[in-house]
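Survey of secondary and tertiary structure
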Protein chains: 2
Amino acid sequence: MVTKQFSGSAEDADLRRADSLAREIFSDVANKWALLIIEALGEGTLRFSELRSRVEGISHKMLTQNLRMLERNGLAERTVYPTVPPRVEYTLTEAGHGLRATVDGMCDWTYRYFRHIETARRRFEA
Amino acid sequence: MVTKQFSGSAEDADLRRADSLAREIFSDVANKWALLIIEALGEGTLRFSELRSRVEGISHKMLTQNLRMLERNGLAERTVYPTVPPRVEYTLTEAGHGLRATVDGMCDWTYRYFRHIETARRRFEA
DNA sequence: CAGTATCCTTTGTGATACTG
DNA sequence: CAGTATCACAAAGGATACTG
């Protein structure tokens with residue numbers, strides 16, 4: 001996805017399309033808020049307000065925006081219960097869970113290496 | 001990292017510090033360009049100009065900026081050969097390779113689900 | 001409660017020019 | 001070649017008010 005090396009042949013058209021789509025999806029998903037939301041939903045279904053308080057520091061707007069994006073890409077599912085007041089629940093789809101697994105890995109990595117990184121930073125400031 | 005639930009106890013101070021640092025690192029690293037650079041460096045050492053052409057669409061400025069950030073956090077190492085013209089090589093550290101493994105997973109995920117996502121998008125536009 | 005719309009500020013980004 | 005600095009612009013983000 002990073003490096004693109006295609007010849008001009010016809011069979012490559014499909015590969016090129018797949019690649020540019022993959023890159024587009026990657027760009028959508030590879031951002032802080034999206035990944036944190038996915039991580040939060042990994043534990044199970046959550047309401048909008050629950051998500052808002054679990055994802056530390058996210059604004060109302062960013063949450064809405066990213067949830068729409070996740071829904072659009074089929075990573076999260078939105079269920080509306082037509083009660084008063086309304087109740088809206090979000091849950092990960094199969095694709096969403098697939099991505100969550102990799103985000104879990106990223107979180108693990110963060111905890112495994114944060115001391116490492118702390119000292120690297122001190123070294124860098126010199 | 002997503003959800004923070006601490007009591008006021010003293011032993012939690014360390015956990016809270018670790019958590020906020022983890023979150024900070026996550027925020028640094030969870031962005032498109034950083035992840036694509038790490039993915040590119042996964043294949044081996046690359047020069048600045050090589051990286052620039054491998055990471056499709058990145059600007060000179062963003063590349064520099066992200067490389068500094070990766071260096072500061074100890075994920076990439078910068079080696080300068082004092083020749084004329086200068087030659088600068090970048091390579092992943094152990095921590096960097098650890099992260100790369102998870103990014104690989106993310107790329108794999110992208111290719112595994114892109115058809116899925118394509119149809120989800122069409123459904124969403126309705 | 002959940003969501004949209006608006007305004008406004010901050011940050012990200014690209015283009016360009018310049019230096020060792 | 002690699003890097004810094006600057007400028008101009010676009011996009012991200014936050015706060016607020018309003019609606020069903």
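Look above for the structure.
The present account deals with the structure reproduced in this document. (Residues numbered from 1 in each chain as written. Chains lettered and ligands numbered in written order. Predicted model: local features only at pLDDT ≥ 70, side-chain atom pairs only at ≥ 80, totals over all residues. Heavy atoms only, no water.)

Attention now goes to the relation of the copies chain A and chain B. When chain A is fitted to chain B, the residual RMSD is 0.0 Å, and the transformation amounts to a turn of 180° plus an axial shift of 0.0 Å. Look at the turn and shift together and you get a two-fold axis relating the two. For chain A, the smallest separation between a C-alpha atom and the rotation axis is recorded for Asn31 of chain A, amounting to 2.4 Å. Same-surface contact between copies: 100% of interface residues of chain A are shared with the interface of chain B. (Least-squares fit on C-alpha atoms with pLDDT ≥ 70 in both. Contact = heavy atoms within 4.5 Å.)

The figure often quoted for interface size is the accessible area lost as the parts come together. Counting residues at the interface gives 56 residues for chain A, matched by 56 residues for chain B. Together chain A and chain B conceal approximately 5400 Å² of surface at their shared face, both sides included; 66% is due to carbon and sulfur atoms. When residues of chain A are sorted by the area they lose upon contact with chain B, Val2, Trp109 and Arg121 of chain A head the list and together hold 14% of the total. Scanning the region where chain A abuts chain B turns up six salt bridges. A salt bridge links Glu24 of chain B to Arg121 of chain A, with the nearest nitrogen and oxygen atoms 2.8 Å apart. Run the count over chain A and chain B and you get 18 residue pairs in polar contact (both at pLDDT 80 or more). Elements with a minimum of two residues in the side of chain A that touches chain B: helix H1 (12-29), helix H2 (32-41), helix H4 (60-72) and helix H5 (94-124) of chain A. Considering each element in turn, the side of chain A that touches chain B owes the most residues, 21 residues, to H5 of chain A. Per-class residue counts for the side of chain A that touches chain B are 27 nonpolar, ten polar and 19 charged. (Buried area = accessible area lost by both parts, 1.4 Å probe. Salt bridge = Lys/Arg side-chain N within 4 Å of Asp/Glu carboxyl O. Polar contact = N/O pair within 3.5 Å; in protein donor to acceptor, adjacent residues only side chain to side chain. Helix = DSSP H or I, 4+ residues; strand = E, 2+ residues; numbered from the N terminus. Nonpolar A, V, L, I, M, F, W, Y, C, P; charged D, E, K, R; others polar.)

Here we take up the protein's contact with DNA strand C. DNA strand C sits among 17 residues. The nearest are Ser49, His60, Arg78 and Tyr90 of chain A together with Lys61 of chain B. Among atoms of DNA strand C positioned within 4 Å of the protein, sugar and phosphate together represent 59%. The contact in question runs from a base nitrogen of DNA strand C to an N or O atom on the side chain of His60 of chain A, over 2.7 Å. Those elements that place two or more of their residues in the surface near DNA strand C are helix H3 (48-54), H4 and strand E3 (87-92) of chain A together with helix H4 (60-72) of chain B. In terms of residue class, the surface near DNA strand C is made up of seven nonpolar, five polar and five charged. (Near = heavy atom within 4 Å.)

Turning our eyes to something else, we now look at the sheet that holds strand E3 (residues 87-92) of chain B. Residue and element names in this part refer to chain B. The three strands lie next to each other as E1-E3-E2, forming an open sheet whose pairing is antiparallel. Each edge of the open sheet carries a strand with a single partner, namely strand E1 (46-47) and strand E2 (76-81). This element, H4, spans E2 and E3 of the sheet and lies at about 110° to E2. (Pairing = 2+ DSSP bridges. Axes fitted to C-alpha atoms, helices over the stretch in contact; angles between N-to-C directions.)

Residue and element names in this part refer to chain A. Here we have three strands laid out as an open sheet, ordered E1-E3-E2, and antiparallel in their pairing. Both outer strands of the open sheet, strand E1 (46-47) and strand E2 (76-81), are each paired with one neighbouring strand and no more. Note that E1 and E3 share two bridges and pair antiparallel. For Arg47, the partnering residue across the bridge sits in E3 and is Glu89. In the packing of H4 onto the sheet, the strands contacted are E2 and E3, and the crossing angle to E2 comes to about 110°.

Let's shift gears to the pattern of salt bridges. For the coordinates displayed, the defined rule picks out 14 salt bridges over all chains. Residues Asp104 of chain A and Arg100 of chain A are paired through a salt bridge, measuring 2.7 Å at the closest nitrogen-oxygen approach. Within this pair, Asp104 of chain A and its partner Arg100 of chain A are both found in helix H5, separated by four residues, close to a single helical turn. In this structure Asp104 of chain A comes out as partly exposed when scored by relative accessible area, which is 22%. The partner of Glu89 of chain B in a salt bridge is Arg87 of chain B, with the nearest N and O atoms 3.2 Å apart. Looking at Glu89 of chain B, the relative accessible area reads 16%, which means it is buried. According to the relative accessible area criterion, Arg87 of chain B is partly exposed, its value standing at 32%. (Buried < 20%, exposed > 50% of the residue type's maximum accessible area, 1.4 Å probe, protein only.)

Here we come to the protein's contact with DNA strand D. Around DNA strand D, the surrounding shell holds 16 residues, and the nearest of these are Lys61 of chain A together with Phe48, Ser49, Arg78 and Tyr90 of chain B. Within the contact set of DNA strand D, a phosphate oxygen lies 2.7 Å away from a side-chain nitrogen or oxygen of Arg78 of chain B. The contact in question runs from a phosphate oxygen of DNA strand D to an N or O atom on the side chain of Tyr90 of chain B, over 2.6 Å. At the level of secondary structure, the elements contributing two or more residues to the surface near DNA strand D comprise H4 of chain A together with helix H3 (48-54), H4 and E3 of chain B. The element contributing the most residues to the surface near DNA strand D is H4 of chain B, with four residues. Among the residues forming the surface near DNA strand D, the class breakdown is seven nonpolar, four polar and five charged.

The analysis is restricted to geometry; functional conclusions fall outside its scope.
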